[in-house]
Every structure is written in C-alpha cells, then in structure tokens.
Amino acid sequence: MAFDQMQSGLKAPAPSAPPSPVLPASAQAIDRPDAACIQGAAQFYHLPVALFSAVLRTEGGTVGQIHRNANGSYDMGPAQINSTWLPTLARSGITRGMVINNGCLNVSLGAWILAQAMTGADPHDPAQYWQHVGDYNSHTPKWNAKYASMVWHNLK
C-alpha cells in the first residue's frame, strides 16, 4: 500500500493525548485483546485503526510476555509497554501485573502511548508523520527510522 493511498485513511490525532491514561470502556479485564478492544482503543485515542494494528503487529507481544532489554528495562504484553512507564501508570492505579496480564488494558495503554507520540503529527508530511510513529519505540534517530519502517511494512 503506497503512502498516498493509505493517507486517505489517516487523520490527525486529537490535539494532545491525556497526560494520564483514560481508558475506554472496552478496556475490560480480558486475557487476549480482540478486534473490538483494539478498534475501541484506537478510536478512543483518535488513532487510525490500521496504523495502531500495524504497531501491535510490529510489537508482536502476547499477554503475560515480558521481553528484557539491553538497557535494563523490559517490555510487557501485546503492546510491549516499556517498564519505564510503570511509575506514570501507578499514579493512575495501574499495576505491573495489570499491564502484563490484562490484554485489553495493555492494548489501551499502547494506544494512549501512541497517541502521545502522534501529538502534532501531520499525515500530509510523511517524514514528520513517520518520525512520530517511530517515537512509540525510540527517539534515537537510527532506531526510530527502523521501527517506523517496520510499522509501514506491517500496514500491508
């Protein structure tokens, strides 16, 4: 799918994501996030469902999964939420166990994090837009570009 073909399905996210997670009603305690959970989270945070689904495919996580990173942090669950988010999430009453074991909650948190990364992204400026997408994973230019490319390929 070419960027200009996909662009018609993209919309700019809301002006800014909430500073703390506000979860859609679909973020109920279910083990495996289903299509309704993914779509509900994307819509709640004003994200293109196709883009958010591609991010989830890129992350490739599963409920209960923990992936240790070289820098000492770790990624959790379907959206591979990084452990550096735990103090922020704790202020909203969200525990490490919830992030790891509640698939729909994990996906909703991933949508919240992506919405923050996408704040100010312009779908009519591809380079800038995809840099924002890459920010979900890394702000380091090398890793940001690699991640954005992987998400792009997962849109197909």
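Residues numbered from 1 in each chain as written. Predicted model: local features only at pLDDT ≥ 70, side-chain atom pairs only at ≥ 80, totals over all residues. Heavy atoms only, no water.

Peer 1: Would you mind showing me how to read helix α6 (residues 103-118) here?
Peer 2: Within an α-helix, residues lying three or four positions from one another point in the same direction, as the helix has 3.6 residues per turn. End to end, α6 covers 22 Å across 16 residues, agreeing with the expected 22 Å (1.5 Å per residue, within 8%). Across the 16 residues that make up α6, a large majority, 15, are buried. Following α6 by one or two positions, G120 adopts a phi angle in the positive range, close to 85°. (Helix = DSSP H or I, 4+ residues; strand = E, 2+ residues; numbered from the N terminus. Expected span 1.5 Å × (residues − 1). Buried < 20%, exposed > 50% of the residue type's maximum accessible area, 1.4 Å probe, protein only.)

Peer 1: Honestly, the side chain of E59 in this entry has me stumped. Any pointers?
Peer 2: Within the secondary structure, E59 is located in helix α3 (residues 49-59). This buried residue, E59, is left without a salt bridge; R57 holds the nearest opposite charge, at 12 Å. With sequence-adjacent residues up to four places away left out, E59 is seen in contact with P78, A79, Q80, Y136, N137 and Y147. (Lys, Arg positive; Asp, Glu negative; His and termini not counted. Salt bridge = Lys/Arg side-chain N within 4 Å of Asp/Glu carboxyl O. Contact = heavy atoms within 4.5 Å.)

Peer 1: Explain the packing of helix α2 (residues 35-44) against α3 to me, please; I cannot follow it from the model alone.
Peer 2: In helix packing, the relevant descriptors are the interaxial angle and the interaxial distance, both defined with respect to the helix axes. Viewed as axis vectors pointing N to C, α2 and α3 meet at an angle of 120°, and their least axial separation amounts to 9 Å. Between α2 and α3, the angle falls in the class oblique. Once α2 is placed against α3, the crossing between them reads as right-handed. Contact residues: I38, Q39, A41, A42 and Q43 in α2; V49, F52, S53 and L56 in α3. Classifying every residue of the contact of α2 with α3 by side-chain character gives six nonpolar, three polar and no charged. (Axes fitted to C-alpha atoms, helices over the stretch in contact; angles between N-to-C directions. Parallel < 35°, antiparallel > 145°, perpendicular 65-115°, else oblique. Left-handed = near helix turned anticlockwise from the far one by under 90°. Nonpolar A, V, L, I, M, F, W, Y, C, P; charged D, E, K, R; others polar.)

Peer 1: How should I be thinking about the sheet that holds strand β3 (residues 81-82) in this particular structure?
Peer 2: Pairing between sheet strands relies on hydrogen bonds along the backbone, with the strands arranged either parallel or antiparallel. What the three strands build is an open sheet, ordered β1-β2-β3; its pairing is antiparallel. This sheet does not close on itself; its edge strands, each paired only once, are β1 (66-68) and β3. (Pairing = 2+ DSSP bridges.)

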